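Analysis of the macromolecular model
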Amino acid sequence: MSFPCRNLMAVPMTENATIGKLAQHGSITRLIDIVFPGDTNHHGILFGGTGLALMDRVAFIAATRFGRAPFVTASCERIDFKQPARIGHIIEFAARPVKAGRRSLTVEVEMAAETIVGRQRHSCTRGMFHMVAIPEGEDAAGYVLPELLSEERSDASDVVAMVEIIFPDQANSVGRMFGGEAIAYMTKAAFVAASRYCGKLVVLASSERIDFARAIAIGEIVEAEARVEHVGRSSMSIETKLWSENLLTGERNITATGHFTMVAVDKDHRPIPVRDSVTEEAIPFENGRA
């Protein structure tokens, strides 16, 4: 199994990381994708290896966010795929640290799939990934993981938040993420937010100007946050923010903000009402809720 940490640039641990044992909540990290034909077998079902690789990737991100050190995967417990994910499904991987030792961390990962039309959701599998920190630098000998505090799960949010790591094939010759890759990721988040809101197939109609405030380096996390901010008859305006995050320091920066117009369509790609009970007036949103 390949380890995502191969692309990280190691930096010395902070002084606080070597003094005592700090405490930190094990918050949930989410990776969201869409199943395309190239990811499936001849039956249109997501390859198990692809699903396992994505579970390993989000476990790595969650572990590194928790410990702020490079990690490798030591092992994973038996993973049985109970239900398949098919072409066109939205797949979501939710990772949460559940047990912390001195340098070992157990991350629970759940994979779920949902249909775009009708929003039918089912759990595909769940597994435990055992990750080991491999700190580097002059303070590495005294490094210990923070103490894990319990945290209540909370899924009551209208914001779609999805993370990914930047690898060399997504970057230019100076190691910075291509602007087109960033826009594509923001558009994917807008698509998921709009699809989940209306439970119908949606397409991109337009986007406003996007200005990039900061370059994103190889090895950094990008996190796209998307929410429905305005609803018309058949269209939705989606606000999308793109954050960049240094895996080892936790420093986060807004990289770009964009507004995308998504339109609900039928199977023949003709515009249809976002809601079953249609109102002619556009409906503004407050705090992401209607």
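Residue indices begin from 1 for each chain and proceed along its sequence in written order. The predicted origin of the model limits local features to residues at a pLDDT of at least 70 and limits the giving and counting of side-chain atom pairs to 80 or more, whereas totals for whole chains, interfaces and linings rest on all residues. Hydrogens and water molecules were not included; the side-chain quantities draw on all heavy atoms of the structure.

**Topic: the overall build of the protein chain**
Each helix and strand in the protein chain was counted, giving 2 helices and 13 strands. The cut-offs for exposure are 20% and 50% of the maximum accessible area for each residue type, with area from a 1.4 Å probe on protein chains only; residues under the lower value are buried, those over the upper are exposed, and the others partly exposed. With 290 residues in all, the protein chain has 46% of them scored as buried. In what follows, residue pairs with any heavy atoms lying within 4.5 Å of each other are defined as contacts. Within the protein chain, counting contacts between residues at least 6 apart in sequence, those at least 24 apart form 76% of the total. Accessible surface, the protein chain: about 14,400 Å² in total, of which carbon and sulfur atoms supply 50%. Comment: elements are numbered from the N terminus, with helices defined as DSSP H or I runs of at least four residues and strands as E runs of at least two. Each accessible area value is a Shrake-Rupley result obtained with a 1.4 Å probe; residue values ignore everything except the protein chains displayed when judging cover.

**Structural notes on helix α2 (residues 179-198)**
What a helix should span is 1.5 Å times the count of its residues minus one. Here α2 spans 29 Å end to end across 20 residues, near enough to the 28 Å set by a 1.5 Å rise per residue. Once α2 ends, the next one or two residues include Gly199, with phi positive near 70 degrees.

**A word on the side chain of Glu108**
Structurally, Glu108 can be placed in strand β5 (residues 104-114). In protein, a polar contact requires one atom able to donate a hydrogen and another able to accept it; more generally it is a pair of N or O atoms within 3.5 Å, and residues adjacent in sequence count only if both atoms are side-chain atoms. Separated by 3.4 Å, the side chains of Glu108 and Arg126 make a polar contact.

**A word on the sheet that holds strand β3 (residues 71-76)**
The rule for pairing is simple: two strands pair if DSSP sees at least two bridges between them. Taken together, the 5 strands give an open sheet; going across it, the order is β2-β4-β5-β6-β3, and neighbouring strands pair in antiparallel fashion. With partners counted over all chains shown, the strands left at the sheet margins are β2 (29-34) and β3, one partner each. Sheet twist, expressed as the mean angle between neighbouring strand axes with direction ignored, is 30 degrees. Direction of pairing for β3 relative to strand β6 (residues 121-133): antiparallel, over a ladder of 5 bridges. Note on β6: the bridge partner recorded for Val72 is Val132. Axis definition: a line fit to C-alpha positions, over the contact stretch in the case of helices; interaxial angles, taken between N-to-C directions, run 0 to 180 degrees. Running at roughly 90 degrees to β2, α2 makes contact with β2, β4 (90-100), β5 and β6 of the sheet.

**Some words on helix α1 (residues 48-67)**
Helix length check: α1 (20 residues) gives 28 Å between terminal C-alpha atoms against 28 Å at 1.5 Å per residue, within 8%. For α1, the tally of buried residues reaches 14 of 20 residues, placing the bulk of the element in the interior. Positive phi appears at Arg68, one or two residues downstream of α1, with a value of about 50 degrees.

**Observations regarding the packing of aromatic side chains**
When two rings of Phe, Tyr or Trp (its six-membered ring) have centres within 6.5 Å they constitute a pair, described as stacked for plane angles under 30 degrees, edge-to-face for angles over 60, and tilted for the intermediate range. All chains considered together, the criterion is met by 0 aromatic pairs. We note Arg252 situated over the ring of Trp243; from NZ or CZ to the ring centre the distance is 4.6 Å. The rule for a charge over a ring is simple: NZ of Lys or CZ of Arg within 6 Å of the ring centre, and within 35 degrees of the ring normal.

**Some thoughts on the environment of Val35**
Counting through the fold element by element, Val35 comes out in the loop between β2 and α1. Sequence separation of Val35 and Ile87 is 52 residues, and the distance between their C-alpha atoms is 4.9 Å. Not counting chain neighbours up to four residues away, the residues in contact with Val35 comprise Thr40, Leu46, Ala85, Arg86, Ile87, Gly88, His89 and Ile91.

**Side note on unusual backbone geometry**
At Arg68, a residue that is not glycine, the phi angle is positive and equals roughly 50 degrees. With respect to the secondary-structure elements, Arg68 resides in the loop between α1 and β3. In this model, His269 sits at a positive phi of 65 degrees, which is unusual for a non-glycine residue. Within the secondary structure, His269 sits in the loop between β12 (252-264) and β13 (283-284). Relative accessible area serves as the criterion here: at 53%, His269 is assigned to the exposed category.

**A word on the environment of Ala193**
Structurally, Ala193 can be placed in helix α2. A relative accessible area of 5% means that Ala193 is categorised as buried. Sequence separation between Ala193 and Val228 is 35 residues, and the spatial gap between their C-alpha atoms is 6.7 Å. Residues within four places of Ala193 in sequence aside, it is in contact with Val160, Ala226, Val228 and Ile238.

**Section: the pairing of strand β8 (residues 160-165)**
In terms of residue burial, β8 counts as a mostly covered element, since 5 of its 6 residues are buried. Note: β8 against strand β10 (residues 221-231), 6 bridges, orientation antiparallel. Looking at the pairing, Ile165 lines up with Ile221 of β10.

**Quick word on the pattern of salt bridges**
Here a salt bridge means any side-chain nitrogen of Lys or Arg lying within 4 Å of a carboxyl oxygen belonging to Asp or Glu. Under the counting rule described, the total for this entry stands at 21 salt bridges. Here Arg96 ties to Glu108 by a salt bridge, and the two come within 3.4 Å at their closest N and O atoms. Here Arg96, found in strand β4, pairs with Glu108, found in strand β5; they are 12 residues apart in sequence, far enough to count as distant. Like Glu108, Arg96 is buried. Note that Arg252 is salt-bridged to Glu223, the shortest N-O span being 2.8 Å. In this pair, Arg252 is assigned in strand β12 and Glu223 in strand β10, connecting sequence segments 29 residues apart. A relative accessible area of 32% means that Arg252 is categorised as partly exposed. For Glu223, a relative accessible area of 10% corresponds to the buried category. When salt bridges with common partners are traced through the structure, they connect Arg30, Glu92, Glu114, Arg121 and Arg196 into a single cluster.

Nothing here speaks to function; it is all geometry.
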